[in-house]
Amino acid sequence: MSPDSTSLSQTRVLVVESESETANCLVAILEGFGFDVQLAANAISALSSLDEFEPHVVLLGTYLSDMPGYELTAILRSAPQYSARYRGLGLLFVADRHKIVRHRFSGAPEVPLAQYIFKPLDGDEIKDKIARELGRHYKSD
């Protein structure tokens, strides 16, 4: 089910972030824009909440407490119980710009820099990138 482009409150965003300060800031920014937001502190809680919450977009920390965010992405894209449903899910990574520029090619070289939201967080950047992801994944609805 695609979100109605006129109502951000119908857009569900799952924030998966182990760093509490970043997680709280993301939730505050997203709720301020009217998104329906759910927070997961790690990959295991994110996996357990996917079916219940059915997010349109996931904002995913690159370094979670229980596994790298890239590994969670690989699970969502390739594990049979998730891949059919979540292969087309909008996905953005939240990261420290300096760490990604320095270590990007060893972590996830296939992830374009445009799919990153960099710290310090900028509300307008977050909103624009979510809108772009929604357009990419729900344009045929």
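Below: a short report on this structure. The structure displayed is predicted, hence computed values, not measured ones. (Residues numbered from 1 in each chain as written. Predicted model: local features only at pLDDT ≥ 70, side-chain atom pairs only at ≥ 80, totals over all residues. Heavy atoms only, no water.)

**Quick notes on the packing of aromatic side chains**
Next up, step 1: Taken as a whole, this structure holds 3 aromatic pairs when the rule is applied.
Next up, step 2: Judged by centre distance (5.0 Å) and plane angle (40 degrees), the ring pair of Y70 and F93 falls under tilted. Of this pair, Y70 sits in helix α3 (residues 69-78) while F93 is found in strand β4 (residues 90-96), placing the two residues 23 residues apart along the sequence. You'll find Y70 and F93 in the same group, each marked buried.
Next up, step 3: Aromatic side chains F93 and Y116 sit 5.7 Å apart centroid to centroid with 35 degrees between the ring planes, which places their arrangement in the tilted category. Of this pair, F93 sits in strand β4 while Y116 sits in strand β5 (residues 116-119), placing them 23 residues apart in sequence. Note on accessibility: F93 and Y116 belong to one class, buried. (Phe/Tyr/Trp six-rings, centres within 6.5 Å; stacked < 30°, edge-to-face > 60°. Helix = DSSP H or I, 4+ residues; strand = E, 2+ residues; numbered from the N terminus. Buried < 20%, exposed > 50% of the residue type's maximum accessible area, 1.4 Å probe, protein only.)

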